[in-house]
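Report on the structure
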Amino acid sequence: MPWGDLPRGPRLADTAGGILIIDKPAGVTSHDIVGAVRRLAGTRKVGHAGTLDPMATGVLVVGIGQATKLLTYLVGEDKEYASRFRFGIDTTTEDATGEVTLARGCKDTDAEIDEALRGQTGDIMQVPSSFSAKKVDGRRAYDMARAGEVVELEAVPIHVSRCERVGNVERSVCEIAVEGDVAGDVASVPATTFLEEYTEMDVLVEDATRNDCVVNSAIEDCYQDVPVSGVPVADVSVAIACSSGTYVRAIARDAGESLGTGAHMTALRRTRVGAWRAEDAHTVEEYAEKVRAGESLPAIGMAEAASLVMPSHEITPEESANIRMGRFIEAPRGAFYPMALTCEGELVAVAVGRANKGSAGKKNSTQPTDNNAEKNTNLLGAKVVFSPHQEICTS
């Protein structure tokens, strides 16, 4: 692993927990990050709120201890990405790690490329990549695809609020190895081996404090082609803001198809998840230094984290005790759910409306009329996500 040997942190108390914002490097999986945090935090109770592919970098929200129970509410947060698309070439995985399947080339104008990107915005139905982590009959789609099986995934609704080119279109001729005949600009390439060579490149992303674009960071364009036949390609940096569940490489694929050129994603950096941006994130190495110095991991407290993704309501110590014992309390007027219930800086519970458990942005419209209420619920529909009487650590 790029971070080498990690120190083992002291065992985390059963009642403790928090949220870490990690800057994931390229070349490791999200599960590798979870494994590193397990060692640093002294607990196996670690999870993340949204996978990043090995080639991707950027914001990964990680929950430790009791905060893993909050991840279900964090995973649905909107996200932003700085990405890199190459128009003119399709690959098996729809990113730079796959084999070329078709090399039609791209001679389209800048304006035509911009229009293709704009066409990927709004409420759309997106077919996930066949190399995604989606499950089909209990099996991961990427496992089926790697085994040569045909993967058919249903389109899912997503929302893309921004899909915009930043910077110039960079045009070049890509030399690729092909099997079969090349007709004009179209090369049928059933099998191609990429020689990987990682080179840094600057990617333009939107600065939240400005209306224009600035260089945010270097991310990696991860291949060098085997020279045999030249294909004109267009490389563009693309800023994307989207709902949870969006596949950026599928956006590249569909934008390329709309032009008739094909396209794939060559780099990806997640720059925001909900309220947390890349500048809020720390590397595994930085967290390791804290542990080596005998310091606690600087985790975000659960009350603070919950208040950033849902409405928050302060309850009294008496109400807190009642909730922990499964008793009812009075619902606040006009409450929306899910809602964080806090008491003196501590997250006591997450409330969900009794008539619409688990749904966000809806008012609680009914009161219970029977005495068989589900355990750990109350009049405001609160489902206690933490065990009664435990103390919740905050940063």
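Residues numbered from 1 in each chain as written. Predicted model: local features only at pLDDT ≥ 70, side-chain atom pairs only at ≥ 80, totals over all residues. Heavy atoms only, no water.

1. Section: the pairing of strand S3 (residues 57-65)
- Counting buried positions over the 9 residues of S3 gives 9, a clear majority of the element.
- Here strand S1 (residues 17-24) runs beside S3; their pairing, made up of 8 bridges, is antiparallel. Across the sheet, residue Gly18 finds its bridge partner in S3, namely Ile64.
- Pairing analysis gives 2 bridges linking S3 to strand S17 (residues 263-273), with the strands arranged parallel. Bridge pairing in S17 links Gly58 to Arg270. (Buried < 20%, exposed > 50% of the residue type's maximum accessible area, 1.4 Å probe, protein only. Helix = DSSP H or I, 4+ residues; strand = E, 2+ residues; numbered from the N terminus. Pairing = 2+ DSSP bridges.)

2. Observations concerning the layout of surface pockets
- Empty space within the largest pocket amounts to approximately 960 Å³.
- Around the largest pocket, the lining is made up of 36 residues, and of these Thr51, Leu52, Asp53, Ala133 and Tyr247 lie nearest the centre.
- Considering every element that reaches the lining of the largest pocket, the biggest residue donor is S17, with 3 residues.
- Partitioning the lining of the largest pocket into residue classes produces 15 nonpolar, 13 polar and 8 charged. (1 Å grid on protein atoms, 1.4 Å probe; cavity = no way out; pocket = protein on both sides within 12 Å on 5 of 7 lines; lining within 4 Å. Points joined across faces, edges and corners; volume = space filled by probe spheres on them. Nonpolar A, V, L, I, M, F, W, Y, C, P; charged D, E, K, R; others polar.)

3. So, unusual backbone geometry
- Here the phi dihedral of Glu94 falls at roughly 65 degrees; this positive angle occurs in a residue that is not glycine.
- You can see Glu94 is positioned in the loop between strand S5 (90-91) and strand S6 (100-103).
- Residue Glu94 is classed as buried on the basis of its relative accessible area of 10%.
- With a phi angle near 55 degrees, Glu344 is a residue other than glycine that sits in the positive phi range.
- Along the chain, Glu344 falls in the loop between strand S21 (339-343) and strand S22 (346-351).

4. Examining the packing of helix H1 (residues 30-41) against helix H6 (residues 284-292)
- One way to put it is that H1 packs onto H6 with a least axis distance of 10 Å and a crossing angle of 10 degrees. Relative to H6, the element H1 lies roughly parallel. Seen from H1, the contacting residues are Ile33, Ala36 and Leu40; seen from H6, they are Val284, Tyr287, Ala288 and Val291. (Axes fitted to C-alpha atoms, helices over the stretch in contact; angles between N-to-C directions. Parallel < 35°, antiparallel > 145°, perpendicular 65-115°, else oblique. Contact = heavy atoms within 4.5 Å.)

5. Notes on the side chain of Asp23
- Mapped onto the elements of the fold, Asp23 is located in strand S1.
- A distance of 2.9 Å separates the side chain of Asp23 from the side chain of Arg269, its partner in a polar contact. (Polar contact = N/O pair within 3.5 Å; in protein donor to acceptor, adjacent residues only side chain to side chain.)

6. Some words on empty space enclosed by the protein
- Summed over all chains, the structure comprises 1 cavity of 30 Å³ or more.
- Considering only enclosed or pocket space, the largest cavity measures out at about 30 Å³ in volume.
- Together, Leu20, Ile22, Val37, Leu40, Val284, Tyr287 and Leu297 line the largest cavity.
- Within the lining of the largest cavity, the residues separate by chemical class into 7 nonpolar, no polar and no charged.

7. Regarding the UniProt feature "active site" (unreviewed entry) in the chain
- The UniProt feature table records "active site" (unreviewed entry) at Asp53.
- On the secondary structure map, Asp53 appears in the loop between strand S2 (46-48) and S3.
- Judged by relative accessible area, which is 27%, Asp53 ranks as partly exposed.
- When sequence neighbours within four positions are dropped, the list of residues in contact with Asp53 reads Lys24, Val28 and Arg249. (UniProt positions renumbered as here; feature names shortened; annotations may be inferred.)

8. What about H1?
- Its 12 residues give H1 an end-to-end C-alpha distance of 16 Å, which sits within 8% of 16 Å, the value for a rise of 1.5 Å per residue.
- Looking at H1, one finds that the buried residues are Ser30, Ile33, Val34, Ala36, Val37, Leu40 and Ala41. Viewed end-on, H1 has its buried residues packed into an arc of 165 degrees, placing them on one side of the element.
- Where H1 is buried, its residues contact S1, S2, S3 and H6. (Expected span 1.5 Å × (residues − 1). Arc of directions from axis to C-beta.)

9. Section: the pattern of salt bridges
- Applying the stated criterion to the full structure yields 19 salt bridges.
- Between Asp90 and Arg104 there is a salt bridge; the shortest N-O distance is 2.6 Å. With Asp90 in strand S5 and Arg104 in the loop between S6 and helix H3 (110-118), this residue pair connects regions lying 14 residues apart in the sequence. With respect to class, Asp90 is no different from Arg104; both count as buried.
- Between Lys290 and Glu295 there is a salt bridge; the shortest N-O distance is 3.5 Å.
- A relative accessible area of 34% places Lys290 in the partly exposed class.
- Each of Asp53, Asp95 and Arg249 takes part in one network of salt bridges that share partners. (Salt bridge = Lys/Arg side-chain N within 4 Å of Asp/Glu carboxyl O.)

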